[in-house]
Amino acid sequence: KRQYLYRHFEQERRLARRLVERAQSPRPQILDIARLRECLDADFGSAIPTGSGAAPDWQRIAVAQALFNPMTFISGGPGTGKTRTAAQLIDCMLRLRPNTRIALAAPTGKAAARLRDALSPDSKKIDAFTLHRLLNIHPATGRAHHDAKNPLPFDLVVVDEASMLDLTLALQLIDALPTQTQCVLLGDKDQLPPVEIGSVFATLSAGRRFSPQGLDRLAQVTGYAAESIQGAIAATPNNSALTDHVVWLEKNYRFSDRSSIGKLSEAVKRGEITTATELIQDPQLEGLQWFEDSHPKIDMPTLRAAALGYAPYRTMLERMNGRVNEHAIPHA
């Protein structure tokens, strides 16, 4: 059994209905397959790796899916290229449809600005908003000026840091999207949940599944064999309305899966406490260090030893921003 406040229960039901309606709405009228393939080749290269060990480029697949779908959920951890994927999507969309009206948004102004900064110079004119400003939410009442009766005037809305969307804000966003508007939500399904009620993005992007028709469509546009795409994902018993609408970015461009940080992050995401602890305590692994300190408060030698690991970062800050506060990090 589950207990809800009725308001949250009703919001969840409304959001589910709206998402199903949007997922089942007619697909956008995209130009021919050949032009789409040319666009992806221009951004990601025309060489398609083949062979049993060749993994598909999920950024390429995510852009293709977003061009096809009225709504797309793109999930990836730090360093998997979510921002770059969004930038490539926008560049491709503008080449295919130069007059596309595009809005960038995020829960915070900093995230919205970072997304705009990643665009090519030709796309810098696109406006970036906080979600509250995009929807024109009244600070006192919490009501959005843009809703189903007064929808947003855009053809494509790209939302970064979507894992921070709570139930109320997610519903307000979906309500304000016209039927013909495409929406792309980027986030990390394994990130901490929002402050307010509802882990919307994590729930909606928790499973991924492609239909036979979706695989064939992706194969035509991306150049990857349908079997290669299907074989690269674990079988998911997910027959929801979001089939063909969820893509996970899996390759980390900051560190490899075989690195100590990569192994640790995967263990943490899977909730494998024993494995994570063993990795941290392994003296043979570079990049990880275990400090033994049984005192009620961390003592100064431990604090100084830990600070040594931040020395390069401190040096970079000193070069970029002037001298760091002498008391911020203890000297070794």
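Residues numbered from 1 in each chain as written. Predicted model: local features only at pLDDT ≥ 70, side-chain atom pairs only at ≥ 80, totals over all residues. Heavy atoms only, no water.

For the protein chain, the count of helices and strands is 14 helices and 6 strands. Taken over the C-alpha trace, the protein chain has a radius of gyration of 22 Å; the compact-globule value for 332 residues is 20 Å, and the two agree within 12%. Across its three principal directions, the C-alpha atoms of the protein chain cover 65 × 60 × 50 Å. Here the protein chain, with 332 residues, has 45% of them falling under the buried criterion. Expressed as a percentage of contacts within the protein chain between residues at least 6 apart in sequence, the contacts between residues at least 24 apart total 73%. With an accessible surface of roughly 18800 Å², the protein chain has 54% of that area assigned to carbon and sulfur atoms. (Helix = DSSP H or I, 4+ residues; strand = E, 2+ residues; numbered from the N terminus. Rg over C-alpha atoms; globule rule 2.2 N^0.38 Å. Buried < 20%, exposed > 50% of the residue type's maximum accessible area, 1.4 Å probe, protein only. Contact = heavy atoms within 4.5 Å. Areas by Shrake-Rupley, 256 points an atom, 1.4 Å probe, with all protein chains shown as cover.)

All told, the structure shown has 1 disulfide when counted by the stated rule. Shown here is the disulfide that connects cysteine 39 with cysteine 92, its sulfur atoms set 1.8 Å apart. With cysteine 39 in helix α2 (residues 33–44) and cysteine 92 in helix α4 (residues 82–96), the pair connects residues that are 53 residues apart, well separated along the chain. Residues cysteine 39 and cysteine 92 agree in their burial class; the two are buried. Unpaired in this structure, cysteine 183 has its nearest cysteine sulfur neighbour in cysteine 92, at a distance of 18 Å. (Disulfide = S-S within 2.5 Å.)

The next thing to look at is the pattern of salt bridges. Inspection of the entire model under this criterion finds 13 salt bridges. Of the charged contacts, one joins arginine 18 and aspartate 175 as a salt bridge, the two residues approaching to 3.0 Å between their closest N and O atoms. Of this pair, arginine 18 sits in helix α1 (residues 6–23) while aspartate 175 is found in helix α7 (residues 167–175), placing the two residues 157 residues apart along the sequence. A salt bridge links arginine 60 to aspartate 41, with the shortest nitrogen-to-oxygen separation between them at 2.5 Å. Of the two residues, arginine 60 sits in helix α3 (residues 58–68) while aspartate 41 sits in helix α2, which places them 19 residues apart along the sequence. Members of the salt-bridge network, linked through shared partners, are Arg14, Arg18, Glu21 and Asp175. (Salt bridge = Lys/Arg side-chain N within 4 Å of Asp/Glu carboxyl O.)

Attention now moves to the packing of aromatic side chains. Enumeration over the complete set of coordinates arrives at 4 aromatic pairs. With a centroid separation of 6.5 Å and an interplanar angle of 5°, the aromatic rings of tryptophan 58 and phenylalanine 210 are classed as stacked. Of the two residues, tryptophan 58 sits in helix α3 while phenylalanine 210 sits in the loop between α8 (200–204) and α9 (212–222), which places them 152 residues apart along the sequence. By relative accessible area, tryptophan 58 is classed as buried at 7%. When its relative accessible area of 4% is taken as the criterion, phenylalanine 210 is described as buried. For the ring pair phenylalanine 129 and phenylalanine 154, a centre distance of 6.3 Å and an interplane angle of 55° mean the geometry is tilted. You can see phenylalanine 129 sitting in strand β3 (residues 127–130) and its partner phenylalanine 154 sitting in the loop between α6 (131–135) and β4 (156–159), a full 25 residues away along the chain. Each member of the pair, phenylalanine 129 together with phenylalanine 154, is buried. For the cation-ring pair, lysine 189 lies above tryptophan 248, with the distance from its terminal atom to the ring centre recorded as 4.4 Å. Here the basic side chain of arginine 208 rests over the ring of tryptophan 58, its NZ or CZ set 5.2 Å away from the ring centre. (Phe/Tyr/Trp six-rings, centres within 6.5 Å; stacked < 30°, edge-to-face > 60°. Lys NZ or Arg CZ within 6 Å of the ring centre and 35° of its normal.)

Okay, the sheet that holds β4 next. An order of β3-β2-β4-β5-β1-β6 is seen for the 6 strands of this open sheet, with the pairing classed as parallel. With one partner strand each, in any of the chains shown, β3 and β6 (246–249) form the two edges of the open sheet. Each adjacent strand pair in this sheet contributes to an overall mean axis angle of 20°, direction not counted. Where strand β2 (residues 102–106) meets β3, 4 bridges bridge the pair, whose relative direction is parallel. Its bridge partner being in β3, alanine 103 is matched across the sheet by aspartate 127. (Pairing = 2+ DSSP bridges. Axes fitted to C-alpha atoms, helices over the stretch in contact; angles between N-to-C directions.)

Let us now look at the environment of leucine 218. Looking at the element boundaries, leucine 218 is found in helix α9. Residue class for leucine 218 comes out buried when judged on its relative accessible area of 0%. Note: C-alpha distance between leucine 218 and aspartate 244 (26 residues apart in sequence) is 9.8 Å. Not counting residues up to four positions away in its chain, the partners in contact with leucine 218 are Ile61, Ala64, Gln65, Phe210, Gly223 and Ile229.

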